[in-house]
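Results of the structural survey
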Amino acid sequence: MTDLPPEADRVPPGGVVPDARELDVRWAHAWRPEQVVARLDGVAAPWCVAAGWALDLFRGAPSRPHGDLEIAVPAASFDAVRDRFPEYAFDAVGRGRIWPAADEETLAATHQTWVRDPSTGDFLFDVFREPHDGGTWICRRDPRLRLPYDAVRAHTADGIPYLVPELVLLFKAKALRPKDESDFRGALPLLDRARRARLRGWLERTHPGHAWTAALTSAAPSESG
């Protein structure tokens, strides 16, 4: 099942509450990362694949089925991304509601955008519109965490940009759904000392006492991650 996004700080009026079973059907034909890469070729914005797919790109192999595909883009660069998909609708999402073909005011009050094929109603991928300060990425969960985009993104051998695993896991640490726990356990042996130290420090600041902190301290790290 595709999860509805977490609650936003501000939510516009209106929107529709989707049926959870219907969402499974509408996300059944979600794109793969290479399909988005083909359409965003030449876009200068530092976008990247996020969430579960990003961890699989880091691993270099699939680890589980994915019910959707998420990419992250700097909020100010959203139009450059949207312009590459003129035939599709961009629906804003927040607090379990959807705003079809959202206007600019609704987009400004939400964080996620589901890309929809108007001819079928299928959702294809999810766009996170991320806070930033010019070339500095800002963590929406903890604005104290600010990094240059070179530290936020990595690339596969064939050039697909993805969010670095320690940041993916920081975002997954909040909900601790079964798939998040599984993703952490699968990625942990592949994290080198530097990645583990960064994730441990961020967890201690953002989620004090988090269960993953002890695992990051005790497990033997990879030397090549």
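Structure first, text after, so check above.
Residues numbered from 1 in each chain as written. Predicted model: local features only at pLDDT ≥ 70, side-chain atom pairs only at ≥ 80, totals over all residues. Heavy atoms only, no water.

Along the backbone of the chain there are 10 helices and 11 strands. The C-alpha radius of gyration of the chain comes to 17 Å, within 12% of the 17 Å expected for a compact globule of 225 residues. Overall, the C-alpha framework of the chain stretches about 50 × 35 × 35 Å when taken along its three principal axes. Looking at the chain residue by residue over its 225 residues, the buried ones come to 50%. Within the chain, counting contacts between residues at least 6 apart in sequence, those at least 24 apart form 62% of the total. Looking at the chain as shown, the accessible area adds up to about 10600 Å², and 52% of this sits on carbon and sulfur atoms. (Helix = DSSP H or I, 4+ residues; strand = E, 2+ residues; numbered from the N terminus. Rg over C-alpha atoms; globule rule 2.2 N^0.38 Å. Buried < 20%, exposed > 50% of the residue type's maximum accessible area, 1.4 Å probe, protein only. Contact = heavy atoms within 4.5 Å. Areas by Shrake-Rupley, 256 points an atom, 1.4 Å probe, with all protein chains shown as cover.)

All right, on to the state of the cysteines then. One pass over the full model with this rule turns up zero disulfides. Of all cysteine sulfurs, the one in Cys139 lies closest to Cys48, which takes part in no disulfide; the gap is 13 Å. The class for Cys48 is buried, based on a relative accessible area of 2%. (Disulfide = S-S within 2.5 Å.)

Right, let's get into the pairing of strand E6 (residues 123–130). Counting buried residues in E6 gives eight out of eight residues, a clear majority hidden from the surface. When strand E2 (residues 70–74) meets E6, the two strands line up parallel, connected through five bridges. Residue Pro74 lies in a different strand from E6, and its bridge partner there is Glu130. One ladder, built from five bridges, connects strand E5 (residues 112–116) with E6; its direction is antiparallel. Its bridge partner lying in E6, Thr113 is registered against Val127. (Pairing = 2+ DSSP bridges.)

Of all hydrophobic cores here, the largest spans 59 residues; its most connected members are Val49, Ile71, Phe125, Trp137 and Leu167. Contact partners of Leu167, with chain neighbours within four places excluded, come to Trp137, Leu145, Leu147, Val152 and Trp202. Counting residues in hydrophobic clusters, the runner-up holds six residues, among them Leu23, Trp27, Val93 and Trp114. (Core = buried A, V, L, I, M, F, W, Y, C linked by side-chain atoms within 4.5 Å.)

This next bit is on unusual backbone geometry. Both trends apply: most residues other than glycine have a negative phi, and most peptide bonds are in trans. Positive phi values are uncommon outside glycine, yet Ala51 reaches one of about 60°. Along the chain, Ala51 falls in helix H3 (residues 51–59). One non-glycine residue, Leu176, lies in positive phi territory at about 50°. Mapping Leu176 onto the fold places it in the loop between helix H7 (165–172) and helix H8 (178–187). Look at Leu176 and you get partly exposed, because its relative accessible area is 36%.

Tracing the chain through its elements places Arg146 in strand E9 (residues 146–148). Considered as a pair, Arg146 and Leu69 are 77 residues apart in the sequence and their alpha carbons are 24 Å apart. Beyond its immediate chain neighbours, meaning those up to four positions away, Arg146 contacts Asp133, Thr136, Trp137 and Ile138. A distance of 3.0 Å separates a polar side-chain atom of Arg146 from the backbone oxygen of Pro143. (Polar contact = N/O pair within 3.5 Å; in protein donor to acceptor, adjacent residues only side chain to side chain.)

This brings us to the pattern of salt bridges. The full count for this structure, using the stated rule, is 18 salt bridges. Residues Arg26 and Glu22 are paired through a salt bridge, measuring 3.5 Å at the closest nitrogen-oxygen approach. In this pair, Arg26 and Glu22 are both assigned in helix H1 (residues 20–26), four residues apart and thus about one turn of the helix distant. With its nearest N and O atoms 2.9 Å apart, the salt bridge here joins Asp142 to Arg144. Where salt bridges share partners, they join Arg64, Lys172, Arg177, Asp180 and Asp183 into one cluster. (Salt bridge = Lys/Arg side-chain N within 4 Å of Asp/Glu carboxyl O.)

Looking now at the side chain of His111. Along the chain, the position of His111 falls in the loop between helix H5 (104–108) and E5. Among the polar contacts made by the side chain of His111, one reaches the side chain of Glu130 at a distance of 3.1 Å. At a separation of 2.8 Å, a polar atom in the side chain of His111 contacts the side chain of Arg140. Other than its neighbours up to four places away in sequence, His111 contacts Val93, Val127, Phe128, Arg129, Glu130 and Arg140.

Purely geometric stuff here, so don't read any function into it on its own.
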